[in-house]
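Spelled out from the first residue to the last, the chains are:
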Amino acid sequence: MTRKKVLVLGGNFGGLTAALAVRHELHGDVDVTVVSASDRFLFNPSLIWLPFGKRAPEDITFPLAPTFEEHGVEFVHAEATRLDLPQRRVETTAGTYAYDYLVIATGYRNNLDAVPGLADGNAFTITTLEDAIHAGEGWRRFLDDPGDIVIGATQGAGCFGAAYEFLFNTAYQLRKAGLKKRVNLTYVTSEPFLGHFGIGGLPHGESLLGMFLKKERIGSHINVAMREVDEGRIVLEDDAALEFKYAMIVPPFVGQPVVRAATEIADEKGYVKVRDTYQTETRDEVYAVGIAAAVEVPWQTPTPVGIPKTGFPTEQQAHVAAKNIAAQIRGEAVQEHKTFGEIPAVCVMDAGNNGVIILADHMLPPRKHGVLIPGPQAHAMKLGFEKYFLWKAKHGHVMLP
Ligand SMILES: Cc1cc2nc3c(=O)[nH]c(=O)nc-3n(C[C@H](O)[C@H](O)[C@H](O)COP(=O)(O)OP(=O)(O)OC[C@H]3O[C@@H](n4cnc5c(N)ncnc54)[C@H](O)[C@@H]3O)c2cc1C
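Residues numbered from 1 in each chain as written. Predicted model: local features only at pLDDT ≥ 70, side-chain atom pairs only at ≥ 80, totals over all residues.

Our next topic: the site of the ligand. Taken together, 37 residues surround the ligand, and among them Gly10, Asn12, Gly107, Gly290 and Gly311 come closest. Looking at the shell around the ligand, the elements that each hand over two or more residues are helix H1 (13-25), strand S2 (31-36), helix H4 (160-176) and helix H7 (311-329). Tallied by class, residues from the shell around the ligand come to 18 nonpolar, 17 polar and two charged. Residues from two domains meet in the shell around the ligand; each of domain 1 (5-108 + 255-341) and domain 2 (111-252) gives at least three. (Near = placed C-beta within 6 Å. Helix = DSSP H or I, 4+ residues; strand = E, 2+ residues; numbered from the N terminus. Nonpolar A, V, L, I, M, F, W, Y, C, P; charged D, E, K, R; others polar. Domains from an automatic or database assignment.)

Assigned domains of the protein: these are domain 1 (5-108 + 255-341) and domain 2 (111-252). Look at where the C-alpha atoms of domain 1 and domain 2 centre, and you get two points 29 Å apart. Facing the 19 residues of domain 1 at the interface are 31 residues of domain 2. Of the residues belonging to the side of domain 1 that touches domain 2, the class tally is 14 nonpolar, four polar and one charged. (Contact = placed C-beta atoms within 7 Å.)

Glycine aside, residues mostly have negative phi, and peptide bonds are mostly found in the trans state. The amide bond that connects proline 365 to the next residue, proline 366, takes the cis arrangement and shows omega of 0 degrees. Its location among the elements puts proline 366 in the loop between strand S21 (355-360) and strand S22 (370-374). Of note, aspartate 239 is a non-glycine position whose phi angle comes to about 80 degrees, a positive value. Note on placement: aspartate 239 falls in the loop between strand S15 (233-236) and strand S16 (241-243). Taking the number of C-beta atoms within 10 Å as the measure of exposure, aspartate 239 has 7 and is therefore exposed. (Buried ≥ 20, exposed ≤ 12 C-beta atoms within 10 Å, placed from the backbone.)

Our next topic: the packing of H1 against H7. Contact pair H1 / H7: the axes reach a minimum separation of 8 Å and the direction vectors enclose 35 degrees. In this structure, the crossing between H1 and H7 has a hand that is right-handed. Residues Phe13, Gly14, Thr17, Ala18, Ala21, Val22 and Glu25 of H1 pack against Gly311, Thr314, Glu315, Gln317, Ala318, His319, Ala321, Ala322, Lys323, Ile325 and Ala326 of H7. (Axes fitted to C-alpha atoms, helices over the stretch in contact; angles between N-to-C directions. Left-handed = near helix turned anticlockwise from the far one by under 90°.)

The next point concerns the pairing of strand S14 (residues 226-230). Bridge count for S14 against S15 is four bridges, and the pairing is antiparallel. If you follow aspartate 230 over to S15, its bridge partner there is arginine 233. Between S14 and the antiparallel strand that follows it, S15, lie two residues; glycine 232 among them carries a positive phi value of about 75 degrees. (Pairing = 2+ DSSP bridges.)

With 16 residues, helix H3 (residues 129-144) should reach 22 Å at 1.5 Å per residue; the first-to-last C-alpha distance of 24 Å fits that figure. Here H3 has its buried residues at Ala132, Ala135, Gly136 and Phe142. Along H3, the residues classed as buried sweep out an arc of 120 degrees about the axis, all on the same side. In H3, the exposed positions that point more than 90 degrees away from the buried face belong to Glu130, Glu137, Arg140, Arg141 and Asp144. The inward-facing, buried residues of H3 contact strand S17 (246-250). (Expected span 1.5 Å × (residues − 1). Arc of directions from axis to C-beta.)

Structural data, given as structure tokens:
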């Protein structure tokens, strides 16, 4: 019998985990190919530190080819350009690849059209490596000629953790630079209340985040959309206008164009509609994990917010997909089921030399347990986690927690 072919699109949290886990599940008796637009793994959670010079790109990335080679996975540095689902093949910039099973883990891209002026570069963002490098160049210019700062997350954004982390790291850096008293720092968010985080909030989260803002003398505009971002000025939907010398705005994310074009499986944002097995709704042999997988927002907020599809659920989804593909290849029924909402929330919000550990039994309500633990140990935990995760991913130890 010919060996089955598993094709994985994307080589970051979701793709790397799915590719190596499926090899592990089948004791190597499967051909796995990863096609990724980036030839390096990127530890996105550390992008919040890059603009302040606390990390360089090489500290938080590693080349993917040696890792995959070591584990018997073929790696192709290319971009998928068309999904031919009926023929079970994918066109890429490096040729066409046939598959028996496909895993889509192509993640996100910024939707800078969400607010006029964002795409013109009137504010920085930190959500990609290039963006964070650019935000660092701007930060160094800011230190020579400081003024007020606005940090925010737009309507429809979901990555609120990164906005909070950058906010508190900025406050910390201002203090270190002796600029704290000279600079007004303001947080603007579409969240209905502080500490909502796009996951509905956790017990005492609103008061805890309120205390953090008060302690750092940070002003806030909550539950508000941005109308436009001009050069040096953000206008909010409630007509407030905030002048700035430096602004960092987290935009909403969307899926990749190659996914959005596959209308059989994708929603209008370019995310893949999946079952709780991470198989697509229409095809048993096509899976999607991580940010590429659609999650329905379970609430309506006065200002729209997105869902933070973080690293832990991405890894969990990749393991579910890998187990189910292995079962299908063995001729068994798929056994693993886990909705995004019922995956535990495990996160750290860094605040420079302080932070908050966020733990909950479920990403989305209803929950039995949810706790926020503030303190300097949170910062230490994020530092340790970064080192551990990069080691684990680089050596392909994806079966470790
Ligand atoms: C600033 C920031 C901070 C964050 N902080 C945290 C945190 O503290 N904790 C946490 O748990 N999570 C955090 N996250 C979220 C975390 O980064 C995501 O959960 C994770 O990156 C999702 O992984 P993924 O593999 O689904 O997608 P991605 O990481 O987006 O990876 C997608 C991969 O697909 C590739 N690709 C894209 N298009 C194509 C194509 N057409 N063909 C082939 N390959 C393609 C890309 O090059 C990339 O390698 C943060 C995210 C950001 C942006």
